[in-house]
Structure formats: structure tokens, C-alpha cells
Amino acid sequence: MLIKYLINHKHWSPFEMANMCVEVETSRMISPQILRHKSLVCQEFSQRYSAVSECMRYEARLQDQHNRQNSIEIEDAQLQKWWVKTQNDVWEYAQNRYKEALDHGIAKELARGILPGISKTKLEINGTIRSWIHYFDVRCGKETQKEHREIANAIKNIFIDHFPHISNVFNWTKE
């Protein structure tokens, strides 16, 4: 099969002739990690023109003391409960001050600056097949923050549906 030959012999240029575009909902905490992939073209929802009213809450995990890029899952119900409450408190406080700022006529482009990283955002991401292959190679691994890895795996599942022959060469399966 030609696709397998091209991949095995690292002839990547044909994979720059087709693109895939996806929409991703995430937080302002995760979006910069995605935007760092220069070969992907991203358009992020503008909080400059539209009010922000939603956030994303995340589970508590502990910092790995041996690998600074890793976090450790925990089963401590009290700590999880505290973490959810903390996120809710921060979001409520920030949303109240944000709404007050807008009510006072403060420009959205300035008011958005007080919103926390858990603020929800939306990205339209377009990439060549070659760019997506590289993105999956980098971001589907355990060294990627869990929330970003979950997004990468969800996009990879879409890729598998639309590009099964390429996915088969890499032995990719849905997660």
C-alpha cells in the first residue's frame, strides 16, 4: 500500500496536501498548550467581543516530586471536595467582578483579564495530516497534562474515523 510505503520511508510531503479541522472546547488554562503547536492553525473564541459565562472544573491531582511534567491521581475525597469548592469560589468571585466591570462599562477586552484559567474557551483547529500525525505523537503520551491528552485522544478518534488507512499504518485504535 502506498500510504504505508510513504510513512515507512518518511515521505511526509504528500501528507501536507490534506487537512482536517476540528472544534475544541477547553479552558484558557489548556488552550495555550494547543496554540504552541505552530504547524496547526488555530482560531480561538474571542473574549474581547463576547461575554464569558462558563468555566471548566478539573479534578485534584498531586504534583509528582520526581517528574515536574507529571501529576499523580489521588483518591482523597476530602481533597477533591476542597478542590471543587475552591474552583467554584474563585469562579464565582471572578464572575461577579467581571459582570460588575461590564456593568460599569469597562471594555470586554479589559474585563476578561480578571477571569481565571478555568474560563471556558473554544478553538477551531486546522492542520495538515502531517501536522496531526506529529501532534498525536507528542500529545497523546503520558508526559502531556491529562486534560490536554484527553483532547488529543478525542481528536485522534476523529482522525481515525476519517483517515482509517493512515491510522491503520500506525496501528492506532480509539481510546
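Use the structure listed above.
Just so it is clear, the model here is predicted, and its values are computed rather than measured. (Residues numbered from 1 in each chain as written. Predicted model: local features only at pLDDT ≥ 70, side-chain atom pairs only at ≥ 80, totals over all residues. Heavy atoms only, no water.)

## Here's the deal with the pattern of salt bridges
The full count for this structure, using the stated rule, is eleven salt bridges. Residue E147 pairs with R61 through a salt bridge whose shortest N-O separation is 2.7 Å. Here E147 is found in helix 6 (residues 146–162), whereas its partner R61 is found in strand 3 (residues 61–63), with 86 residues between them in sequence. In this structure, E147 and R61 share a single accessibility class: buried. Residue D89 is joined to K85 by a salt bridge in which the shortest nitrogen-to-oxygen separation is 2.7 Å. Of this pair, D89 and K85 are both found in helix 3 (residues 77–103), four residues apart, which corresponds to roughly one turn of the helix. (Salt bridge = Lys/Arg side-chain N within 4 Å of Asp/Glu carboxyl O. Helix = DSSP H or I, 4+ residues; strand = E, 2+ residues; numbered from the N terminus. Buried < 20%, exposed > 50% of the residue type's maximum accessible area, 1.4 Å probe, protein only.)

## Points about the packing of aromatic side chains
How two aromatic rings sit relative to each other is set out by the distance from centre to centre and by the angle between their planes. Applying the stated criterion to the full structure yields ten aromatic pairs. Judged by centre distance (5.5 Å) and plane angle (85 degrees), the rings of F136 and W172 are edge-to-face. Placement of F136 in helix 5 (residues 129–139) and of W172 in the segment after helix 7 (164–169) is noted, with a sequence separation of 36 residues between them. The interplanar angle of 15 degrees and the centroid separation of 4.7 Å between the aromatic rings of F170 and W172 together place this pair among those described as stacked. Members of the aromatic cluster, connected to one another through ring pairs, are W132, Y135, F136, F159, F163, F170 and W172. (Phe/Tyr/Trp six-rings, centres within 6.5 Å; stacked < 30°, edge-to-face > 60°.)

## What about the nonpolar core?
Counting 37 residues, the largest nonpolar core has I125, W132, Y135, I155 and F159 as its most contacted members. Sorting the residues of this core by element identifies helix 1 (2–8), strand 1 (19–27), helix 3, strand 5 (120–128), helix 5, helix 6 and helix 7 as the ones contributing at least two each. If near-sequence neighbours (up to four positions away) are discounted, F159 is found in contact with M20, I129, W132, I133, F136, I166, S167 and W172. (Core = buried A, V, L, I, M, F, W, Y, C linked by side-chain atoms within 4.5 Å. Contact = heavy atoms within 4.5 Å.)

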